[in-house]
Amino acid sequence: LVWVLVLSLAWLAPALGGEEEDGEVVAEEKEDEVPSNELGEEDGVLVLHEHNFARALSEHQLLLVEFYAPWCGHCQRLAPAFAQAAAELRNESSPARLAKVDATAQTALANEFGITSYPTLKLFRDGNRTHPLAYTGRMDAKGIVLWMQRRASPSATLLQDAATAATFVGSQDLVVVGFFKDLQSKAAQGFYEVANEVVDMPFGVAEAAEVFEAYGLSADTVCLFKKFDEGRTDFPVDPARGLDAAELTQLLRVHRLELVMEFTNETSDQIFGAKIPHHMLLFVNKSSSAQLALRDGFRAAAGTFRGKVLFVMVDVAGYGADVLPFFGLTPADAPTLRLVKMENNRKYQMEQDVFSDTAIRTFVQAVLDGKVKPRLLSAEPPEDWDTRPVKVLVGKTFNQVAYDETKNVFVKFYAPWCSHCQAMAAAWEELGERYKDHEDIVIAELDATANELENITINGFPTLHYFPAGPGRKMVEYKSNRDVETFSKFLENGGTLPEEPPAVSEIPPNPPRDPHPHQGGPQPSL
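No experiment lies behind these values; they were computed from the predicted model shown. Each residue is numbered by its place in its chain's sequence as written, counting from 1. In keeping with the model being predicted, local features are shown solely for residues with a pLDDT of at least 70 and side-chain atom pairs are shown and tallied solely at 80 or more, while totals for entire chains, interfaces and linings include all residues. Where side-chain values are given, they derive from all heavy atoms of the structure, hydrogens and water being excluded.

Caption draft 1: Summary view of the overall build of the chain. Working definition: helices are DSSP H or I runs of at least four residues, strands are E runs of at least two. Numbering for both runs from the N terminus. Of regular secondary structure, the chain possesses 16 helices and 23 strands. Counting only residues that meet the buried cut, the chain has 49% of its 526 residues in that class. Within the structure as shown, the chain displays about 24900 Å² of accessible surface, and the carbon and sulfur contribution to it stands at 48%. Relative accessibility under 20% of the residue-type maximum defines a buried residue, over 50% an exposed one, and the middle range a partly exposed one, all with a 1.4 Å probe and only protein chains included. Per-residue and other accessible areas were derived by the Shrake-Rupley procedure at a 1.4 Å probe size, with only the shown protein chains allowed to occlude residues.

Caption draft 2: Spotlight on the nonpolar core. To form a nonpolar core, buried Ala, Val, Leu, Ile, Met, Phe, Trp, Tyr and Cys residues must be joined to one another through side-chain atoms within 4.5 Å. Ranked by size, the top nonpolar core spans 24 residues in total, and within it Leu-393, Phe-398, Val-411, Phe-413, Phe-461 and Phe-467 carry the most contacts. Within the residue set of this core, elements represented by two or more residues are β19 (391–393), α14 (395–402), β20 (408–414) and β21 (441–447). By residue number, the principal contributor to this core is β20, which donates four residues. Apart from residues lying up to four places away in sequence, Val-411 is in contact with Leu-393, Phe-398, Trp-428, Ala-444, Glu-445, Leu-446, Thr-463, Leu-464, His-465 and Phe-467. By the convention used here, residues are in contact when the closest approach between their heavy atoms is within 4.5 Å.

Caption draft 3: Structural detail: the packing of helix α5 (residues 141–152) against helix α7 (residues 186–197). Axis definition: a line fitted to C-alpha atoms, limited for helices to the stretch in contact. Angles are taken between N-to-C directions and run from 0 to 180 degrees. Running from amino to carboxyl end, α5 crosses α7 at an angle of 145°, the nearest separation of the two axes being 8 Å. Two secondary-structure elements touch here, α5 through Trp-147, Arg-150 and Arg-151 and α7 through Ala-195, Asn-196 and Glu-197. Among the residues forming the contact of α5 with α7, the class breakdown is two nonpolar, one polar and three charged. Only Asp, Glu, Lys and Arg are considered charged in this grouping, and only Ala, Val, Leu, Ile, Met, Phe, Trp, Tyr, Cys and Pro are considered nonpolar; every other residue, Gly among them, is considered polar.

Caption draft 4: Geometry of the packing of aromatic side chains. Stacked, tilted and edge-to-face are the three classes assigned to paired rings of Phe, Tyr and Trp, where Trp is represented by its six-membered ring and a pair needs centres within 6.5 Å; plane angles under 30 degrees give stacked, over 60 edge-to-face, the rest tilted. In this structure the tally under the stated criterion is 30 aromatic pairs. With a centroid separation of 5.7 Å and 80° between ring planes, the pair formed by Phe-179 and Phe-212 is classed as edge-to-face. Of the two residues, Phe-179 is situated in strand β10 (residues 174–179) and Phe-212 in helix α8 (residues 209–214); the sequence distance between them amounts to 33 residues. For Phe-179, a relative accessible area of 1% gives the class buried. For Phe-212, a relative accessible area of 3% translates into the label buried. Summarising the aromatic geometry, the rings of Tyr-403 and Phe-467 are spaced 5.6 Å apart at their centres and angled 85° between planes, so their arrangement reads as edge-to-face. With Tyr-403 in the loop between α14 and β20 and Phe-467 in strand β22 (residues 463–467), this residue pair connects regions lying 64 residues apart in the sequence. By relative accessible area, which is 18% here, Tyr-403 ends up buried.

Caption draft 5: Focus on the sheet that holds strand β12 (residues 221–226). Spatial ordering of the open sheet is given by β9-β11-β10-β12-β13, a layout of five strands whose pairing is mixed. In this open sheet, the two edge strands, each paired with only one partner strand, are β9 (157–158) and β13 (232–236). Strands were regarded as paired on the criterion that DSSP finds at least two bridges between them. One ladder, built from two bridges, connects β9 with strand β11 (residues 203–206); its direction is parallel. Within β11, the position partnered with Thr-157 by the bridge is Gly-204. Docked against the sheet, helix α6 (residues 162–169) engages β9, β10, β11 and β12, running at close to 150° with respect to β10.

Caption draft 6: Structural detail: the environment of Tyr-135. Locating Tyr-135 in the fold gives a position in the loop between β8 (133–134) and α5. As a C-alpha pair, Tyr-135 and Trp-147 span 12 residues in sequence and 8.4 Å in three-dimensional space. Those residues in contact with Tyr-135 that sit more than four places away from it in its chain are Leu-64, Leu-121, Gly-143, Ile-144 and Trp-147. Between N or O atoms, a polar contact is any pair within 3.5 Å; within protein, one atom must be a potential hydrogen donor and the other a potential acceptor, and residues adjacent in sequence are included only when both atoms are from side chains. A polar atom in the side chain of Tyr-135 sits 3.4 Å from the backbone nitrogen of Ile-144.

Caption draft 7: Inspection of the environment of Ile-443 at higher detail. Assignment of secondary structure puts Ile-443 in strand β21. Classification of Ile-443 by relative accessible area gives buried; the value is 3%. A sequence separation of 52 residues divides Ile-443 from Lys-391, and the C-alpha atoms of the two residues are 6.3 Å apart. Aside from chain neighbours lying at most four places away, what touches Ile-443 is Pro-389, Val-390, Lys-391, Phe-410, Trp-428, Leu-431, Gly-432, Tyr-435 and Leu-491.

Caption draft 8: Examining α5 more closely. Expected span of a helix: the number of residues minus one, times 1.5 Å. Over its 12 residues, α5 extends 16 Å from the first C-alpha to the last, a length consistent with the 16 Å expected when each residue adds 1.5 Å. Of all the residues in α5, the buried ones are Ala-141, Gly-143, Ile-144, Val-145, Leu-146, Trp-147, Met-148, Arg-150 and Arg-151. Between the side-chain oxygen of the N-cap and the backbone nitrogen of Lys-142 there are 3.3 Å, and the N-cap of α5 in question is Asp-140.

Caption draft 9: Here's a closer look at the sheet that holds strand β14 (residues 260–262). Overall, mixed pairing links the five strands, which are arranged β14-β16-β15-β17-β18 in an open sheet. The open sheet has two edge strands, β14 and β18 (346–348), and neither has a second partner. Going across the sheet, the axis of each strand differs from the next one's by a mean of 30°, ignoring polarity. Judged from the seven bridges that link them, strand β15 (residues 278–284) and strand β16 (residues 309–315) form a sheet pairing that is parallel. Bridge pairing links Leu-281 to Val-312 in β16.

Caption draft 10: Seen up close, the packing of helix α15 (residues 419–435) against helix α16 (residues 484–492). Direction vectors running N to C along α15 and α16 enclose 45°, while the axes themselves pass 9 Å from each other. It follows that α15 is oblique to α16 by the angle criterion. Considering how the two elements wind past one another, α15 and α16 form a crossing that is right-handed. For the pair α15 and α16, contact is made by Met-424, Ala-427, Trp-428, Glu-430, Leu-431, Arg-434 and Tyr-435 and by Val-484, Glu-485, Phe-487, Ser-488, Leu-491 and Glu-492, respectively. When describing relative orientation, an angle under 35 degrees is termed roughly parallel and one over 145 degrees roughly antiparallel, while 65 to 115 degrees is termed roughly perpendicular and anything else oblique. By convention, the crossing between two helices is left-handed when the near helix turns anticlockwise from the far helix through less than a right angle, and right-handed when the turn is clockwise.

Caption draft 11: Quick look at the pairing of β10. Taken across its six residues, β10 has six buried, putting it largely inside the fold. Burial along β10 is two-sided: the face carrying Leu-174, Val-176 and Gly-178 and the face carrying Val-175, Val-177 and Phe-179 are both buried. Direction of pairing for β10 relative to β12: antiparallel, over a ladder of six bridges. Residue Gly-178 lies in a different strand from β12, and its bridge partner there is Val-222.

Caption draft 12: Structural context of the pattern of salt bridges. Basic side-chain nitrogens of Lys or Arg form a salt bridge, by our definition, when they fall within 4 Å of a carboxyl oxygen of Asp or Glu. Within this structure, the stated rule accounts for 25 salt bridges. Notably, a salt bridge pairs Asp-384 with Arg-388, separated by 3.0 Å at the nearest N-O pair. Here Arg-388 falls in the partly exposed class, since its relative accessible area comes to 32%. In this structure, the salt-bridge partner of Glu-433 is Lys-436, at a minimum N-O distance of 3.0 Å. Residue Lys-436 is classed as partly exposed on the basis of its relative accessible area of 43%.

Rendered as structure tokens:
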């Protein structure tokens, strides 16, 4: 269920993140402790501090260092994957090693490398301490291993002749080959840069005339070879503009995908990682041959929107079953269609589902043109929603309460599974009790996984918004400590906090607002 939430909530809340912000923590120095530069290990991961850090850099050509905080939930979830990656790299005799630094105790190292959030991963190459490379891969064992392997060897294989190229092209379902007349050119260097970052596809490079000829090319071109759909996609290098690494990376992300992707454990990273702005979803029960046949019309419509809309099939009786509540669906609603705008998670649906390719194209284009209004989810309000100390809001009652011009309304937007929300629940209930008889202050909460609002997008949990009395529908986001006394100061001061000198804390701060709901306890990545 945790992993399903990781994936499904990318539709519900696609904010990227997964880091916890730093708090100011004072480390206690142990007296009479003799510093040592010995390199210790835990679960195959080097344990570093300021006295052995230089030695680790000098002894390891490629060193990926995780700066963590012991109290950080994201760090705790990463730890097993980090250890697994360390073991895999050692088993293959890679020059790459993994290490970790407790940044709350090793404050000198944390300051030196500008660590402000956890976990932060940095790669140190050839002992260079001044210019570490920020880690850009996935936060799982496979992703870490692939990222390190790509940096431990040439990022692209040199294809010296047509036979070598043919073997390489046929070796896997998906390969990328850069054809460059000059491998020292700026365009070729940009290609190598892309190869360094896109670690889950094999890259080859060729400059020999016979290889150009074998693939019908006469100018610098990047080719994506795939054993599905159209088989090959060419990206010619513009002689005037050159090769734009970011643009090529996105093109590869888009065109590596099948026209219709099935939502599974294996494909989810690709689906979300492509960063395509809209997802068109076909919900079917794959055990029904009649419903499965609807995929043909769905696929026929997909090619028109390649790169703008990703078409995805979701099996309501399989891996996709757990995402259904986030769309307000049950298995009995299949077959049905939904379009999701990833920027704000707005969901759109036809007035009546029609599964022909023509109808689907027309609907998708209408959404892209802004001619279709989103369908907003709303739960039913509990019978006693407005008699509790904390008012329970839903989508259909939100506006009448939050924008009541006679009330100051303080709303908690939460997810039932979010650990940070659970941690502050008692404080919020106590706040409700404190102000339940107050004439013009209302304390309320809204389950943002079951309710959607037209003009408010919730990207993390918990999010706290204050709606002051008066005209204009104003909204203030609360970003301070989540305890009753600070809440009260905020309310008594009219929606702001009085100026106070900053205090140094010797304990971890309140956990920050969850930037990435799939990691929030548990929290993509369609």
